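Chain by chain, the residues:
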Amino acid sequence: MNAGAQRTLAYSWLLLIHQLPAKPAYLRVKIWRRLQDLGAVAVKNAVHALPMNEETQEDFEWLLREIVEGGGEAVVCEARLIDGLSDQEVRALFDHARDADYEEVAKDVRALAKLRANAKPDAIAERRIQVARLRKRLAQVVSIDFFGAIGREKAEGLLRGVEARISEGEAVKDKARINSGEGAFGALRDRTWVTRQGVYVDRIASAWLIRRFIDPQAQFKFVSGKGYRPQAGELRFDMFEAEFTHEGDKCTFEVLLERGALKDPALRAIAEIIHDIDLKDDKFGRTEVAGIRTLVEGISIATEDDSERIARGTEVFNSLYDYFKKKRR
């Protein structure tokens, strides 16, 4: 495709030309709001533009139907600007409109950021709800930011900063509550559990323990590791600065057992196996170590997908748990 063709494709516009009846009055408000939601800009009175693509064409066609059903008239056409208004001027209209939207979001984020970091739990919960609403609003603006207005970066940065502060505050409180044993299970449920990529024995076994005995609805997220900042609703395990990780000579699995107040002897037996494999100190001298190590190594060789490793490891540890339960009886 030559340069001239590329320019023509880049600046093909869709125009909605419409005329609305005087009544009902609400129809004008309805159509105006729909145009705003679509990200359309007015290039002339009753003439609105969108960049040409399949999605915007469908949007205008649906809007045309609404106008006609409301008693108005409308036509959608594809156009190239020849004179009177340049492509760059129309593009500037879009950027100006989106920058205004981004500034509205940024304004609300700044107001939210003024709330005290040590606010009461109810205030923090409300702040999290407001942040989620702002994130949704920002996503809506991004979806109609056809040309990448410069205001997005500032709004994104402000919102990420507030999200990070809330997450850090919640993580500190969660860790303190968990360490103290206060409401251990309540604090650990319905979370996203974050750990390092390339899961191996301690992380695979810990994920199994979390989902079976601590947080049945747990979701797992795998990240690069050091420097990761937890988001709202996330708990880290077996990684740098995690809420649950090695403590002294205890592996993460052992720490989870201890913090979760899980006294099951079958789990304790599994913890000793995981300890000896992970820390390689033969502290407990479990005869099952060699076999479980071979199984986990086989899983790691078979797949690099962390979710699949946990799924396969779950079968192993379910069987091992059943074995120790029956053996004890």
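Notes on the structure in this doc start here.

Calculation notes
Residues numbered from 1 in each chain as written. Predicted model: local features only at pLDDT ≥ 70, side-chain atom pairs only at ≥ 80, totals over all residues. Heavy atoms only, no water. Core = buried A, V, L, I, M, F, W, Y, C linked by side-chain atoms within 4.5 Å. Buried < 20%, exposed > 50% of the residue type's maximum accessible area, 1.4 Å probe, protein only. Helix = DSSP H or I, 4+ residues; strand = E, 2+ residues; numbered from the N terminus. Contact = heavy atoms within 4.5 Å. Salt bridge = Lys/Arg side-chain N within 4 Å of Asp/Glu carboxyl O.

Right, let's get into the nonpolar core. If you look at the biggest cluster of nonpolar residues, it comprises 41 residues, and the most contacted ones within it are Trp193, Phe220, Phe253, Ile270 and Phe317. Broken down by secondary-structure element, the contributors of at least two residues to this core are helix H8 (201–214), strand E6 (219–223), helix H9 (252–259), helix H10 (265–279), helix H11 (289–302) and helix H12 (306–328). Once you skip the residues sitting within four places of it in the chain, Phe220 turns out to touch Trp193, Ala207, Ile210, Arg211, Phe237 and Ile310. Counting residues in each nonpolar core, the second largest holds 23 residues, with Leu15, Leu20, Ala49 and Phe94 among its members.

A few words on the pattern of salt bridges. Pairs can form between side chains of opposite charge whenever their charged atoms are close. Counted according to the given criterion, the structure contains 21 salt bridges. Put simply, Lys283 and Asp249 hold a salt bridge, and the shortest N to O gap is 3.0 Å. Within this pair, whereas Lys283 is found in the loop between H10 and H11, its partner Asp249 is found in the loop between strand E7 (234–236) and H9, the two being separated by 34 residues in sequence. On the accessibility criterion, Asp249 (40% relative accessible area) is partly exposed. With a closest N to O distance of 2.8 Å, Arg312 and Glu308 form a salt bridge. In this pair, Arg312 and Glu308 both sit in helix H12, four residues apart, roughly one turn of the helix. Taking the relative accessible area as the measure of exposure, Arg312 reaches 33% and is therefore partly exposed.

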